[in-house]
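Listed below, chain by chain, are the residues.
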Amino acid sequence: PEFERDGWQTTHTVVEVICDDMPFLVDSIRMVINRMNISSHLIVHMGGIRVKRDDHNTVDKILTRTASSRSKEVLHEAPIFLEIDRETNPLILEELQQKITKALEDNKMVFEDWEAMRSKVLKTATELDAIPGVIDAEEVQETKAFLNWIEDHHFTFLGVRDYELVKKDEELLLQAVPGTGLGVLRDNVSHSSSLNLSMMTPEARVFILSPRILVMAKTNTLATVHRDAYADYIGIKRFDKKGNVIGERRLIGLYTSAAYHTNPRHIPFLRHKVALVMENSGLKPRSHAGKVLLNILETLPRDDLIQGSEEELLEIAMGIFYMQDRPRIRL
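Because the structure is a prediction, the values reported are computed rather than measured.

*Asks:* Can you walk me through helix α2 (residues 25–35) in this structure?
*Replies:* Given 3.6 residues per turn, any residue in an α-helix points the same way as the ones three and four places further on. By the burial criterion, the buried members of α2 are Leu 25, Val 26, Ser 28, Ile 29, Met 31, Val 32 and Ile 33. Packed against the buried residues of α2 are β1 (13–17), β2 (40–45), β6 (80–84) and α3 (90–112). Remark: Asn 37 follows α2 within two positions and exhibits a positive phi of approximately 60°.

*Asks:* What am I meant to see in unusual backbone geometry here?
*Replies:* Note on backbone geometry: most residues besides glycine have negative phi, and most peptide bonds are trans. In the Ramachandran plot, Phe 24 falls in the positive-phi region, its phi being about 70° despite a non-glycine side chain. Tracing the backbone shows Phe 24 in the loop between β1 and α2. A positive phi angle, close to 65°, is found at His 153, a residue other than glycine. Locating His 153 in the fold gives a position in the loop between α5 (137–151) and β7 (155–168).

*Asks:* Explain the sheet that holds β2 to me, please; I cannot follow it from the model alone.
*Replies:* Across a sheet, paired strands are connected by hydrogen bonds in the backbone, their directions being either parallel or antiparallel. With antiparallel pairing, the 3 strands of this open sheet are ordered in space as β1-β6-β2. One side of each edge strand has no neighbouring strand; the edge strands of this open sheet are β1 and β2. In this sheet, adjacent strand axes meet at a mean angle of 10° when their direction is disregarded. Here 5 bridges tie β1 to β6, and the two strands are oriented antiparallel to one another. Bridge pairing in β6 places Thr 13 opposite Ile 84. Docked against the sheet, α2 engages β1, β2 and β6, running at close to 20° with respect to β6.

*Asks:* Help me understand the side chain of Thr 156 in this model?
*Replies:* Here Thr 156 is to be found in strand β7. Relative accessible area serves as the criterion here: at 5%, Thr 156 is assigned to the buried category. Thr 156 has contacts with Phe 24, Trp 114, His 226, Ile 252, Gly 253, Leu 254 and Thr 256, leaving out every residue within four places of it along the chain.

*Asks:* How should the nonpolar core be read in this particular structure?
*Replies:* Nonpolar side chains in soluble globular proteins tend to end up buried together. Ranked by size, the top nonpolar core spans 61 residues in total, and within it Phe 146, Ile 150, Ile 234 and Tyr 255 carry the most contacts. Tallying contributions element by element places β7 first for this core, with 6 residues. Setting aside chain neighbours within four positions, we find Phe 146 in contact with Leu 214, Met 216, Ile 234, Tyr 255, Pro 268 and Phe 269.

*Asks:* What's the story with the sheet that holds strand β4 (residues 59–63) in this structure? I'm lost.
*Replies:* With antiparallel pairing, the 3 strands of this open sheet are ordered in space as β4-β3-β5. Among the strands making up the open sheet, the edge pair consists of β4 and β5 (75–77). Across this sheet, the average inter-strand angle for adjacent strands is 40°, counted without regard to direction. By the bridge criterion, 3 bridges tie strand β3 (residues 49–53) to β5 in an arrangement that is antiparallel. Note on β5: the bridge partner recorded for Arg 50 is His 76.

*Asks:* What exactly am I supposed to notice about the pairing of β7 here?
*Replies:* Side-chain direction in a regular strand flips from residue to residue, so the side chains alternate between the two faces of the sheet. Along β7, 11 of the 14 residues are buried, which leaves the element largely enclosed by surrounding structure. Inspection of the sheet shows β7 paired to strand β13 (residues 245–255) by 9 bridges, in the antiparallel sense. Following the sheet pairing, Phe 157 is matched in β13 by Gly 253. Pairing between β7 and strand β8 (residues 171–176): 6 bridges, direction antiparallel. By the bridge assignment for β8, Val 166 is matched with Leu 173.

Rules of the game
- Residues numbered from 1 in each chain as written.
- Predicted model: local features only at pLDDT ≥ 70, side-chain atom pairs only at ≥ 80, totals over all residues.
- Heavy atoms only, no water.
- Buried < 20%, exposed > 50% of the residue type's maximum accessible area, 1.4 Å probe, protein only.
- Helix = DSSP H or I, 4+ residues; strand = E, 2+ residues; numbered from the N terminus.
- Contact = heavy atoms within 4.5 Å.
- Pairing = 2+ DSSP bridges.
- Axes fitted to C-alpha atoms, helices over the stretch in contact; angles between N-to-C directions.
- Core = buried A, V, L, I, M, F, W, Y, C linked by side-chain atoms within 4.5 Å.

Encoded structure:
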């Protein structure tokens with residue numbers, strides 16, 4: 001802003017946002033600014049302001065918090081004001097505006113589909129009751145427990161979509177099912193509609209087609225909503241009556257801080273991994289050595305614990321265990 005043009009001035013560039021009030025707005029905008037290596041000097045967020053606008057979209061009335069807000073005419077808005085490093089390059093300003101707009105659009109889709117995504121996860125857990133008997137019953141119950149756990153505010157859902165396994169020209173494809181996308185995986189937004197299993201490594205292909213129900217990994221895409229991190233991926237496979245994989249339901253999102261601070265022995269699937277690593281270590285759980293190993297597993301980076309196989313976790317944990325008496329650097 002300049003005094004002659006705007007009636008006020010500042011040494012910084014100003015970003016002003018008006019949109020519907022919803023979670024994660026400030027976090028999402030701040031992520032865009034930080035990723036462009038721009039510093040923020042002031043952020044003012046006034047969430048939950050109730051206003052009425054006229055036919056020209058001009059604010060006609062500002063309501064108090066105690067006023068009735070059931071009328072469709074009442075808008076719940078979130079004015080956001082930011083002062084950032086002064087920027088005069090029009091190309092950078094255009095890029096900044098486009099990225100903030102994209103972040104707000106993604107935020108809106110996640111917010112609008114939030115309940116639908118949670119409902120789909122609970123429905124998935126219920127559908128596991130009809131899974132073929134050839135799939136391990138204990139794994140089925142643990143998967144159900146895990147899905148109920150993430151739905152209980154331990155996972156921020158950003159997108160959900162169903163995929164089916166189809167064969168085309170001797171190639172095996174995991175193809176998106178039209179009309180099933182929610183959040184950032186809505187059909188009209190996400191362009192990743194199929195995955196060619198023939199292009200995967202033999203090990204990855206075997207895992208995708210194995211009878212293991214859950215697939216947990218990191219995506220190669222940075223989240224645009226809530227937190228500056230690579231999004232987490234949870235896949236729940238679907239099977240035919242013979243136990244062959246015929247598709248999956250894919251969840252994209254971020255584990256919440258509560259998930260990262262919960263003892264892994266209280267988290268479905270992770271508790272199974274920890275128990276198996278303890279058993280395969282050959283150490284007695286109540287011995288000093290067993291307690292040291294358990295502490296190592298409980299304090300491992302949570303992402304490693306989620307994504308690592310039991311074999312990998314045993315190797316890593318025992319490697320750390322043997323460094324207790326003579327600390328040294330290992331990769």
